[in-house]
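Listed here are the chains, written in short residue letters.
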Amino acid sequence: MLLPNKMKHRKVFKGKIRGTASAGNYIAYGSYALQSLGNERITSRQIESARQAMTRYIKRGGRIWIRIFPHTPVTRKPQDVKMGSGKGNPEFFVAKVKPGTILFEMADVTEVQAREAMRLAAHKLPVRTRFITDKESI
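Quantities reported herein were computed from a predicted structural model and do not represent experimental measurements.

### Observations regarding the overall build of the protein chain
- Of the regular secondary structure elements, the protein chain holds two helices and seven strands.
- The order of helices and strands in the protein chain, counted from the N terminus, is β-β-α-β-β-β-β-α-β.
- Counting every position in the protein chain, which comprises 138 residues, the buried fraction comes to 38%.
- Contacts in the protein chain between residues at least 24 apart in sequence constitute 80% of all its contacts with a sequence separation of at least 6.
- Carbon and sulfur atoms make up 48% of the accessible area of the protein chain, which totals about 9,100 Å².
- When the 27 positive and 10 negative side-chain charges of the protein chain are each reduced to one mean point, those points stand 10 Å apart.

Here you go:
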């Protein structure tokens, strides 16, 4: 699972995920990519699950890049705790994703293989996605 090494603040505000992605919205490394179509918080577990699905399908043949990282901690309070008495402890980390963000990239595989691997990965994610190639992104 992806986790930050070090954080300035242990707990952060929830915030809003508005607008379209102005950074990380182009194919930088591979030939094929999975692009987000909505705003959502993607957990490190979901990212890892999608990565495993892709790697398993291409039988460790191609190369995969993960273009998002879960920096934001999400806190939870224990069960059966009354309202008040502060904020809970960090439980997991999420990546805030906007529409247009490239989630994963892939190279050294055929387009058919890449499309199917990305489809399997998309089923593991809470956000709507689309498959793009390096010719379409520009």
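The rest of the description comes next.
### Observations concerning the pairing of strand β6 (residues 102-107)
- Of all six residues in β6, six are buried; the element is thus mostly enclosed.
- The sheet contact formed by strand β1 (residues 32-36) and β6 spans four bridges and is antiparallel. In the strand pairing of β6, leucine 34 is matched with phenylalanine 104.
- Note: strand β3 (residues 63-66) against β6, four bridges, orientation antiparallel. Pairing of isoleucine 66 across the sheet is with phenylalanine 104, part of β6.

### Some words on helix α2 (residues 111-122)
- With 12 residues, α2 should reach 16 Å at 1.5 Å per residue; the first-to-last C-alpha distance of 16 Å fits that figure.
- Here α2 has its buried residues at Ala114, Ala117, Met118, Ala121 and Ala122. The arc that holds every buried residue of α2, seen down its axis, measures 140°, which confines them to one face.
- Structurally, α2 contributes buried residues whose contacts are with β1, α1 (44-57), β6 and β7 (129-133).

### Side note on the sheet that holds β1
- Reading across the sheet, the four strands line up as β3-β6-β1-β7 and stay open at both edges, with antiparallel pairing between neighbours. With partners counted over all chains shown, the strands left at the sheet margins are β3 and β7, one partner each. Going across the sheet, the axis of each strand differs from the next one's by a mean of 20°, ignoring polarity.
- Strand direction decides the pairing type here: β1 and β7, joined by five bridges, are antiparallel. Following the sheet pairing, serine 36 is matched in β7 by threonine 129.
- Packing against the sheet, α1 makes contact with β3 and β6, and its axis sits at approximately 20° to β6.

### Some words on the sheet that holds strand β2 (residues 40-43)
- Spatial strand order, β2-β5-β4: three strands in an open sheet with antiparallel pairing. Two strands lie at the open edges of the sheet, namely β2 and β4 (72-76), each paired on one side alone. Between one strand axis and the next, the sheet turns by 50° as a mean value, whatever way the strands run.
- The sheet contact formed by β4 and strand β5 (residues 89-97) spans five bridges and is antiparallel. Bridge pairing in β5 places proline 73 opposite phenylalanine 93.
- Here α1 sits on the sheet in contact with β2 and β5, set at roughly 70° to β2.

How each quantity is defined
Residues numbered from 1 in each chain as written. Predicted model: local features only at pLDDT ≥ 70, side-chain atom pairs only at ≥ 80, totals over all residues. Heavy atoms only, no water. Helix = DSSP H or I, 4+ residues; strand = E, 2+ residues; numbered from the N terminus. Buried < 20%, exposed > 50% of the residue type's maximum accessible area, 1.4 Å probe, protein only. Contact = heavy atoms within 4.5 Å. Areas by Shrake-Rupley, 256 points an atom, 1.4 Å probe, with all protein chains shown as cover. Lys, Arg positive; Asp, Glu negative; His and termini not counted. Charge placed at Lys NZ, Arg CZ, Asp CG, Glu CD. Pairing = 2+ DSSP bridges. Expected span 1.5 Å × (residues − 1). Arc of directions from axis to C-beta. Axes fitted to C-alpha atoms, helices over the stretch in contact; angles between N-to-C directions.

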